[in-house]
Amino acid sequence: GIIYTASVRSANELYERLIQDGISVGRYHGQMRMREREQMQQSFMRGDQKVMIATKAFGLGIDKPDIRFVYHFEFPDSLETYFQEAGRAGRDGKASLAVLFYRLEDKRIQSFFLSGRYPHLLEMNAVYNTLAGTPVDAAGNPDASSETDVQASNAPSPRAKRPTLSALDLAAKADLGRRRTQVILNLLREANLVRRTSRGYLLTDAEPPTGDKLEALLSTYVDRAARDQDRLAEMMHYAETPICRTQIIRTYFGEPEGVPCHRCDNCQRENRAASSSTGSEGEVQAKDSTRDSAAEPATSAEVTLPSIHGDIPVSSPAEPLPTLPAESIFRRGDRVRHKRFGSGSILDIHDKMVLVDFLKGGQKRLRADFLEAA
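A quick note: this is a predicted structure, and the numbers were derived from the prediction, not measured.

## Side note on the packing of aromatic side chains
Under the definition given, this model contains 9 aromatic pairs. With 5.7 Å between their ring centres and 45° between their planes, F75 and Y102 make a pair best called tilted. Taken as a pair, F75 in the loop between strand 4 (69–72) and helix 3 (79–86) and Y102 in the loop between strand 5 (96–101) and helix 4 (107–115) lie far apart in primary sequence, 27 residues in all. The burial state of F75 is the same as that of Y102; both residues are buried. Here F83 and F253 contribute two aromatic rings whose centre-to-centre distance is 5.2 Å and whose plane-to-plane angle is 45°, an arrangement assigned as tilted. Remark: F253 occurs in the loop between helix 10 (245–252) and helix 11 (265–278) and F83 occurs in helix 3; sequence separation between them is 170 residues.

If you want it as structure tokens, here you go:
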């Protein structure tokens, strides 16, 4: 199987931990040399290791049919990523597990990555002016206290005087973090304002950008930031939802919600609750057997909340969900509000679940106790 982590650090730590426990394990992440990654991937495809610890770098070309489990040690940045990675389990059609270990604190990891992607205008000015050989002040603008004429400093120095700097040197001179500096350099390269050489980065012969041009470049990143945050929110919703996880995935990708899968942890919890309340487990099993198994993937999905046993996360049942009173406080047609989806109206009520048509989010099926009257 495969265990995905959100960071190289987690991959290395988990790898060392499992090695100490005598488990046949490999690792794969972007900081390894290309040849080492290729050898590790080939070794896993041959079946030399039982487990591969990997970041999202472990992706293309992974079509091993007998992967029995995919665990996400920390949750990924989006449902697209999760669905693609979890889908590597059970491609031979046999029973497999896709398990997400969920802790709310893990959001900080993805938020940390997102925060490093989107620079500010002052930071872009600082990097550009540093490459132009212009002293900059604390705000990243040409330093008026320097002997360089301020008006002339808005244009790059003659080509012979343009410095070639590494990302590390640039970060130090511009007083920025290396990761943020690298993001800015990539953005400037996309705009053909900067090119990379074997010695580092330098300005191209392109006209110096105006403030408006830099703001236009940044606006594309602002849009990306909003989309990435929305994708992360949907990933958290998947982890926290009490309803069928397969239905959540179908809805997210714009397909009909369909019937519950009866295999994910939420469906199994509902089945157990129904069995204990009716005392007729056989009835539930008979109901399960009537569904078309060919219409569903062989992989079952679950989210577990990790408990600690000798510093090793161990799967444990999810935390109990709040229960509803026997009769819902809502009725069809009621206006309601959800913390994330906003305002909407109730279309249907079934047991503990309600179908709501949200003004901005479309139709969603969720628990009534996640709503409040609008």
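## Details of the packing of helix 5 (residues 121–131) against helix 8 (residues 178–190)
Between helix 5 and helix 8, the shortest axis-to-axis distance is 10 Å and the interhelical angle comes to 75°. With respect to helix 8, the element helix 5 is oriented roughly perpendicular. From helix 5, E123, M124, V127 and L131 reach across to helix 8, where they touch R180, T181, I184, L185, L187 and L188. A class-by-class count of the residues in the contact of helix 5 with helix 8 yields 7 nonpolar, 1 polar and 2 charged.

## Quick notes on the sheet that holds strand 12 (residues 342–350)
If you walk across this open sheet you meet the 5 strands as 14-13-12-11-15, and the pairing is antiparallel. The open sheet has two edge strands, strand 14 (362–367) and strand 15 (371–373), and neither has a second partner. Neighbour to neighbour, the strand axes of the sheet diverge by 45° on average, direction disregarded. In this structure, strand 11 (residues 335–338) lies alongside strand 15, joined through 3 bridges in antiparallel fashion. The residue of strand 15 that forms the bridge with V336 is A373.

## Here we look at the environment of R91
Inspection of the secondary structure assignment puts R91 in the loop between helix 3 and strand 5. Of the residues examined, R91 reaches a relative accessible area of 41% and is grouped as partly exposed. A sequence separation of 27 residues divides R91 from K64, and the C-alpha atoms of the two residues are 7.4 Å apart. With residues near it in sequence (within four places) discarded, R91 still touches I62, D63 and P65. Here the side chain of R91 touches I62 through a polar contact of 3.5 Å, landing on its backbone oxygen.

## Here's the deal with the side chain of E123
Tracing the chain through its elements places E123 in helix 5. Beyond its immediate stretch of four places on either side in the chain, E123 contacts L176, R180 and I184.

## A word on the packing of helix 3 against helix 9 (residues 211–240)
Interhelical geometry of helix 3 versus helix 9 gives an angle of 55° and a closest axis separation of 8 Å. With respect to their mutual orientation, helix 3 and helix 9 come out oblique. Of the residues in helix 9, those touching helix 3 at L79, E80 and Y82 are R231, E234, M235 and Y238. In the contact of helix 3 with helix 9, the residues fall into 4 nonpolar, no polar and 3 charged.

## A look at the pattern of salt bridges
Across all of its chains, the model carries 12 salt bridges by this definition. K56 is the salt-bridge partner of D77, the closest N and O atoms lying 3.0 Å from each other. Taken together, the residues span a long stretch of sequence, with D77 in the loop between strand 4 and helix 3 and K56 in the loop between strand 3 (51–54) and strand 4 at a distance of 21 residues. A relative accessible area of 52% places K56 in the exposed class. In this structure, the salt-bridge partner of E80 is R231, at a minimum N-O distance of 3.6 Å. Of this pair, E80 sits in helix 3 while R231 sits in helix 9, placing them 151 residues apart in sequence. A residue is classified by how much of its surface remains accessible, and R231, at 28% relative accessible area, is partly exposed. If you follow the salt bridges from partner to partner, you end up with R245, D265 and R269 in one network.

Cut-offs and rules
In every chain, residue numbers begin from 1 and rise along the written sequence. Per-residue local features are limited, in this predicted model, to residues with pLDDT of at least 70; the limit for side-chain atom pairs, both in listing and counting, is 80 or more; totals at the level of whole chains, interfaces and linings are taken over all residues. The basis for every side-chain value is the complete set of heavy atoms in the structure, and neither hydrogens nor water enter the calculation. Pairing of aromatic rings covers Phe, Tyr and Trp, the last through its six-membered ring, and needs centres within 6.5 Å; plane angles under 30 degrees mean stacked, over 60 mean edge-to-face, and all others mean tilted. Secondary structure counts use DSSP, requiring at least four H or I residues in a row for a helix and at least two E residues in a row for a strand, with both numbered from the N terminus. The classification of residues rests on relative accessible area computed with a 1.4 Å probe and restricted to protein chains. Under 20% of the type maximum is buried, over 50% is exposed, and intermediate values are partly exposed. The convention used is that axes are lines fitted to C-alpha atoms, helices contributing only their stretch in contact, and that angles between N-to-C directions extend from 0 to 180 degrees. Note on terminology: angles under 35 degrees are roughly parallel, angles over 145 are roughly antiparallel, angles of 65 to 115 are roughly perpendicular, and the others are oblique. Here a residue-residue contact requires only that any non-hydrogen atoms of the pair lie within 4.5 Å. All residues other than Ala, Val, Leu, Ile, Met, Phe, Trp, Tyr, Cys, Pro, Asp, Glu, Lys and Arg, Gly among them, are scored as polar; the first ten of these are nonpolar and the last four charged. At least two DSSP bridges between two strands are needed for those strands to be called paired. Identification of polar contacts relies on pairs of N or O atoms within 3.5 Å, with a donor-acceptor requirement for protein atoms, meaning one able to donate a hydrogen and the other able to accept it, and with residues adjacent in sequence counted only if both atoms are side-chain atoms. Salt bridge, as applied in this entry: a Lys or Arg side-chain nitrogen positioned within 4 Å of an Asp or Glu carboxyl oxygen.

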